[in-house]
Amino acid sequence: MGERNKYTEAIILTVREQGESNRSVCAISPDMGIFYATLYGGPKSRLRSLVQPFNTGTIFIYDDENRHLKKISDFDAKHFHTSLKENLYKMWAANLASEVLMKTKCAGDDKSAYILLKAFIDGIDAGDERTARIGTARFLWRYLSLLGVQPDVSECCGCGRSFFDLHSDKKICFSPALNGFLCPDCQCLQQNQKPNGGIFFSLTKEAAEYMDAINNLSPGQVRRMPLSDESMDDFRRLTFNLIEQAAGTTLLTMKSGYGIL
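Residues numbered from 1 in each chain as written. Predicted model: local features only at pLDDT ≥ 70, side-chain atom pairs only at ≥ 80, totals over all residues. Heavy atoms only, no water.

Student: Just checking my understanding: could you explain the environment of Tyr114 for this structure?
Tutor: Take Tyr114: it is sitting in helix α4 (residues 110–126). In the structure, Tyr114 is positioned 86 residues away from Ile28 in sequence and 6.8 Å away in space, judged by C-alpha atoms. (Helix = DSSP H or I, 4+ residues; strand = E, 2+ residues; numbered from the N terminus.)

Student: Explain the sheet that holds strand β7 (residues 180–182) here, please?
Tutor: Think of a sheet as strands paired side by side through backbone hydrogen bonds, with each pair either parallel or antiparallel. Pairing within the open sheet is antiparallel, and its 3 strands lie in the order β7-β6-β8. Looking at strand neighbours, the two that pair on one side only are β7 and β8 (201–203), the edges of this open sheet. Strand-to-strand twist across the sheet, computed as the mean angle between neighbouring axes with direction ignored, equals 35°. Judged from the 3 bridges that link them, strand β6 (residues 172–175) and β7 form a sheet pairing that is antiparallel. Looking across to β7, one finds that Ser175 is bridged to Gly180. With respect to the sheet, helix α7 (residues 205–216) is in contact with β6, β7 and β8, its orientation differing from that of β8 by roughly 90°. Contacts from helix α9 (residues 229–247) reach β6, β7 and β8, with the element oriented near 145° to β8. (Pairing = 2+ DSSP bridges. Axes fitted to C-alpha atoms, helices over the stretch in contact; angles between N-to-C directions. Contact = heavy atoms within 4.5 Å.)

Student: Please explain the packing of helix α3 (residues 88–103) against α4 as it appears in this structure.
Tutor: Relative placement of two packed helices is described by the angle separating their axes and the distance separating the axes. In the contact formed by α3 and α4, the axes pass within 11 Å of each other and the chain directions differ by 175°. When the axes of α3 and α4 are compared, the pair comes out roughly antiparallel. Each of Lys90, Ala93, Ala94, Ala97 and Leu101 in α3 lies in contact with α4, whose residues at this interface are Ala113, Leu117, Phe120, Ile124 and Asp125. For the contact of α3 with α4, the class distribution of residues is 8 nonpolar, no polar and 2 charged. (Parallel < 35°, antiparallel > 145°, perpendicular 65-115°, else oblique. Nonpolar A, V, L, I, M, F, W, Y, C, P; charged D, E, K, R; others polar.)

Student: Looking at this structure, how should I read the nonpolar core?
Tutor: Counting residues in hydrophobic clusters, the biggest one holds 59 residues, and the most contacted among them are Leu117 and Phe181. Core analysis: the second largest hydrophobic core is formed by 15 residues, Ala27, Leu47, Ile59 and Phe75 among them. (Core = buried A, V, L, I, M, F, W, Y, C linked by side-chain atoms within 4.5 Å. Buried < 20%, exposed > 50% of the residue type's maximum accessible area, 1.4 Å probe, protein only.)

Student: Any chance you could explain the environment of Lys90 here in plain terms?
Tutor: Along the polypeptide, Lys90 turns up in helix α3. Taking the relative accessible area as the measure of exposure, Lys90 reaches 5% and is therefore buried. Distance from Lys90 to Ile124, taken between C-alpha atoms, is 6.8 Å for residues 34 residues apart in sequence. Of the polar contacts made by the side chain of Lys90, one reaches the side chain of Ser83; its length is 3.2 Å. (Polar contact = N/O pair within 3.5 Å; in protein donor to acceptor, adjacent residues only side chain to side chain.)

Student: Is there a simple way to think about the side chain of Thr136 in this case?
Tutor: In this structure, Thr136 sits in helix α5 (residues 129–147). Its relative accessible area of 1% is what places Thr136 among the buried residues.

Student: Would you mind going over the pattern of salt bridges with me for this structure?
Tutor: Once the charged atoms of two side chains with opposite charge are near each other, the side chains can pair. Across all of its chains, the model carries 15 salt bridges by this definition. The residue Glu17 makes a salt bridge to Arg48 at a minimum N-O spacing of 3.2 Å. One end of the pair, Glu17, is in strand β1 (residues 5–18); the other, Arg48, is in helix α1 (residues 46–50), with 31 residues separating them in the sequence. Of the charged contacts, one joins Glu129 and Arg133 as a salt bridge, the two residues approaching to 2.9 Å between their closest N and O atoms. Of this pair, Glu129 and Arg133 are both found in helix α5, 4 residues apart, which corresponds to roughly one turn of the helix. Overall, the relative accessible area of 19% leaves Arg133 in the buried class. Taken together, the shared-partner salt bridges connect Lys6, Asp63, Glu65 and Lys70 into one network. (Salt bridge = Lys/Arg side-chain N within 4 Å of Asp/Glu carboxyl O.)

Student: Help me understand the packing of aromatic side chains in this model?
Tutor: The geometry of an aromatic ring pair is captured by two quantities: the separation of the ring centres and the angle between the planes. The final tally for this structure, using the stated rule, is 5 aromatic pairs. Geometrically, the ring pair formed by Phe120 and Phe139 is stacked, given 4.8 Å between the ring centres and 25° between the ring planes. With a gap of 19 residues between them, Phe120 in helix α4 and Phe139 in helix α5 connect regions that are remote in the sequence. Here Phe139 falls in the buried class, since its relative accessible area comes to 3%. Following the ring pairs from residue to residue traces out a cluster consisting of Phe120, Phe139 and Tyr143. It is Arg133 that lies over the ring of Tyr89; its NZ or CZ is 4.1 Å from the centre. (Phe/Tyr/Trp six-rings, centres within 6.5 Å; stacked < 30°, edge-to-face > 60°. Lys NZ or Arg CZ within 6 Å of the ring centre and 35° of its normal.)

The following block contains the structure:
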């Protein structure tokens, strides 16, 4: 029989009522991935006040494998991320990130998914709302890479030309049918061959350069890069669509939070 008392670093994802005084807690850790555990105790319980969504710390679990029961015995909360509870956008963004991980089973890489989520939550907690909006798109773009479905934004999937050599104000377009980006010349060719040829999302050259930088520069360097409102909107619309397609299902957070996210 394995050791029943365990501990691991964890982020609390959701907390739901279970019966009259208990709660069902969903959390993620680099060691256990996404797991559920029961939190016992009434409203005056010390643990109940600590085990709250997006609090991060060391969680202590009593794991009875024979009864398929996990019980939270203690939680040493280190980061409370209070701004997520005070800012509506940040709260919905954190919920979206949690749902993405849960729906995609952490992309089969619990540790990397945990690191990405923790960095994201820490980042949006420390910044303002605009920073959080850009940070959400960056998180989703990085997570698409972890899933193995991130399209190549460095060159045209039609002719292979580097977008960074373009000297045009025309926007680059993403083709869902090709799962790639097309330069202005190939956009015209695609539309002539296939009317309404599946080109749904366009983005500025600045947005494409920013997305490419996320893949090649350090997070600190990317955060210091300027991004216009137009490019940010293009980037956000595209990543929101791509992540829902990758999840293969409607993301309830995006549906319920329409107008907020």
